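Next come the chains, spelled out residue by residue.
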Amino acid sequence: MSALPRFACMNGEIVPLEDAKLHILSGAVKYATSVFEGMRGYWSEERQDMYLFRLDDHLQRLFDGLKIMRLETDIDLATVRGWVLETVRANQHRGALHMRLLAHLEGRGAQGDLGPVGFAITTSATERPASFETGVKLGVSTWVKITERMMPPSVKSVANYNNGRLAIVQARMDGYDNALMLTEQGYIAETTGSSFCMIKHGKLITPMLTDDILGSITRDTILRVARAAGISVEERHVGRSEAMLADEAFVCGSGQEILPVASIDKTSVGDGTRGVITADLQRRYLDVVEYRADNPTGWCTPVYRGA
Ligand code: PMP
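Now for a look at the structure at hand. (Residues numbered from 1 in each chain as written. Predicted model: local features only at pLDDT ≥ 70, side-chain atom pairs only at ≥ 80, totals over all residues. Heavy atoms only, no water.)

**Focus: the state of the cysteines**
Throughout the structure, instances matching the rule amount to zero disulfides. For the unlinked cysteine Cys252, the closest cysteine sulfur is that of Cys197, found at 4.5 Å. You can call Cys252 buried: its relative accessible area is 0%. (Disulfide = S-S within 2.5 Å. Buried < 20%, exposed > 50% of the residue type's maximum accessible area, 1.4 Å probe, protein only.)

Here's what the structure looks like:
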């Protein structure tokens, strides 16, 4: 569930959401030439402020995406960072928040144009889904995950998401919540919008970054949180049958946070309910993102105090 905001930000200007428009002939529309970020903000009752989680890492990934997709702009990261904070303040968000940052090919140009690049920022109030406790049902997709030789899976390029879209639409038709996508070699990559992790004999096992997955910021956070909690972590190829035989599994992403996996291909993972380690990692993760745990890394950026 999410509620639309009153204002969006278009190239640094705060405008009513209904005026945040792109031309039909822009490169973003004609060729899906754009990169984006999805990130969250959390309201802290204790600190009476809104905190954006790992804002600088999301901005860096956005700019890395521009570089890989060969989009050129004079706008720098610090400028976009300021726009992000302004957009949240304009909407006066004081609750769980999801944000999209979009950098897209504007103008009326050709497929090979490098610019101009536009920036759009939107926010939405959001709620945690019931599957946070009950888990999601995954089905292994017959659509193969795009590989580094085709399109860069490590970039949040909008065009990549048509690969995932085909998979999630098919998965829903087949009675699943989401698709688990395999690499060309047949190892598990990720779902259409989240990273995959499993627990076996107390160890956290997850596909490697070179398994055609997005360098998920949530995955990175969870691996650090797990290591700090004394859980050993393995980043390696993960087989499909191995995943079905996991003691526990979960998917993760900025938007989804951590959702237990109840089943894969209609076969229960563990006993099909949220696992003990998964629930523990959810608690630890929320302590970090909601800024209850120590935050030595500066992961939580204040919105109003920083005004
Ligand atoms: N994989 C894909 C394909 C995604 O789109 C996302 C983000 N929705 C993730 C993984 C999770 O990435 P992050 O933790 O950085 O949000």
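**Notes on the layout of surface pockets**
Quantified by volume, the largest pocket comes out at close to 1,200 Å³. Forming the boundary of the largest pocket are 49 residues, of which Thr192, Gly193, Ser194, Gly255 and Gln256 lie nearest the centre. At six residues, helix α5 (residues 161-173) tops the list of elements feeding residues into the lining of the largest pocket. When its residues are assigned to classes, the lining of the largest pocket shows 17 nonpolar, 21 polar and 11 charged. Of the pockets and cavities examined, the second largest pocket occupies roughly 230 Å³. Surrounding the second largest pocket, 13 residues form its lining, Val225, Ala228, Val288, Ala293 and Asp294 being those nearest its centre. Of all the secondary-structure elements, those providing two or more residues to the lining of the second largest pocket are α6 (217-228) and α8 (276-289). (1 Å grid on protein atoms, 1.4 Å probe; cavity = no way out; pocket = protein on both sides within 12 Å on 5 of 7 lines; lining within 4 Å. Points joined across faces, edges and corners; volume = space filled by probe spheres on them. Helix = DSSP H or I, 4+ residues; strand = E, 2+ residues; numbered from the N terminus. Nonpolar A, V, L, I, M, F, W, Y, C, P; charged D, E, K, R; others polar.)

**Quick word on the nonpolar core**
Grouped together as the largest cluster of nonpolar side chains are 43 residues, with contacts concentrated most on Phe196, Leu204, Phe250, Val261 and Leu281. No other element matches the six residues that α8 contributes to this core. In contact with Leu204, other than residues within four places in its own chain, are Cys197, Met198, Ile199, Ile222, Leu223, Ala226, Ile231, Ser232, Val233, Glu234, Phe250 and Leu281. In this structure, Leu59, Leu71, Val84 and Val155 belong to the second largest nonpolar core, which totals 28 residues. (Core = buried A, V, L, I, M, F, W, Y, C linked by side-chain atoms within 4.5 Å. Contact = heavy atoms within 4.5 Å.)

**Examining the side chain of Arg61**
Inspection of the secondary structure puts Arg61 in helix α2 (residues 55-68). With relative accessibility at 13%, the residue Arg61 sits in the buried group. For Arg61, the side chain forms a polar contact with the main-chain oxygen of Gly215, separated by 3.0 Å. Every residue in contact with Arg61, bar those within four places of it in the chain, is listed here: Glu37, Lys156, Leu214, Gly215, Ser216 and Ile217. (Polar contact = N/O pair within 3.5 Å; in protein donor to acceptor, adjacent residues only side chain to side chain.)

**So, the environment of Glu133**
Here Glu133 lies in helix α4 (residues 131-134). Considering only alpha carbons, one finds Glu133 and Gly275, 142 residues apart in sequence, at a separation of 9.8 Å. In contact with Glu133, not counting residues within four places along its chain, are Pro260 and Arg274.

**Re the site of the ligand**
With respect to spatial proximity, 15 residues lie near the ligand, and among them Tyr161, Glu190, Ser216, Thr218 and Ser254 are the closest. The contact in question runs from an oxygen atom of the ligand to an N or O atom on the side chain of Lys156, over 3.3 Å. Within the side chain of Tyr161, a nitrogen or oxygen atom sits 2.5 Å from an oxygen atom of the ligand. Against a free-state accessible area of 390 Å², the protein chains account for coverage of 91% of the ligand. Of the pockets mapped on this structure, the ligand occupies the largest pocket. Going through the elements one at a time, α6 and β14 (248-253) are the ones with two or more residues in the shell around the ligand. (Near = heavy atom within 4 Å. Areas by Shrake-Rupley, 256 points an atom, 1.4 Å probe, with all protein chains shown as cover. Sits in = over half its atoms within 2 Å of the grid points.)

**Focus: the packing of aromatic side chains**
This model, assessed by the stated rule, comprises six aromatic pairs. Centroid distance Phe36 to Tyr161: 5.0 Å. Interplanar angle 70 degrees. Geometry classified as edge-to-face. Here the residue Phe36 occupies a position in strand β4 (residues 34-44), and Tyr161 occupies one in helix α5, the gap between them amounting to 125 residues. Take Tyr161: its relative accessible area is 28%, and that puts it in the partly exposed class. Between Phe53 and Tyr285 the ring centres are 6.3 Å apart and the planes differ by 80 degrees, which places this aromatic pair in the edge-to-face class. Of this pair, Phe53 sits in strand β5 (residues 49-53) while Tyr285 sits in helix α8, and the two are 232 residues apart along the sequence. (Phe/Tyr/Trp six-rings, centres within 6.5 Å; stacked < 30°, edge-to-face > 60°.)

**Quick look at the side chain of Arg40**
As for its placement among the helices and strands, Arg40 is situated in strand β4. A polar side-chain atom of Arg40 sits 3.0 Å from the main-chain carbonyl oxygen of Ser254. For Arg40, the contacting residues outside a window of four places in its chain are Tyr51, Leu52, Phe53, Ala96, Leu97, His98, Thr126, Ser254, Gly255 and Glu257.

**Observations regarding the pattern of salt bridges**
One pass over the full model with this rule turns up 21 salt bridges. With a closest N to O distance of 2.8 Å, Asp57 and Arg54 form a salt bridge. Looking at Asp57, the relative accessible area reads 31%, which means it is partly exposed. Across the salt bridge formed by Arg128 and Glu257, the nearest N and O atoms sit 2.6 Å from each other. Of this pair, Arg128 sits in the loop between β7 (117-126) and α4 while Glu257 sits in strand β15 (residues 257-264); the two residues are 129 residues apart in sequence, bridging distant segments of the chain. (Salt bridge = Lys/Arg side-chain N within 4 Å of Asp/Glu carboxyl O.)

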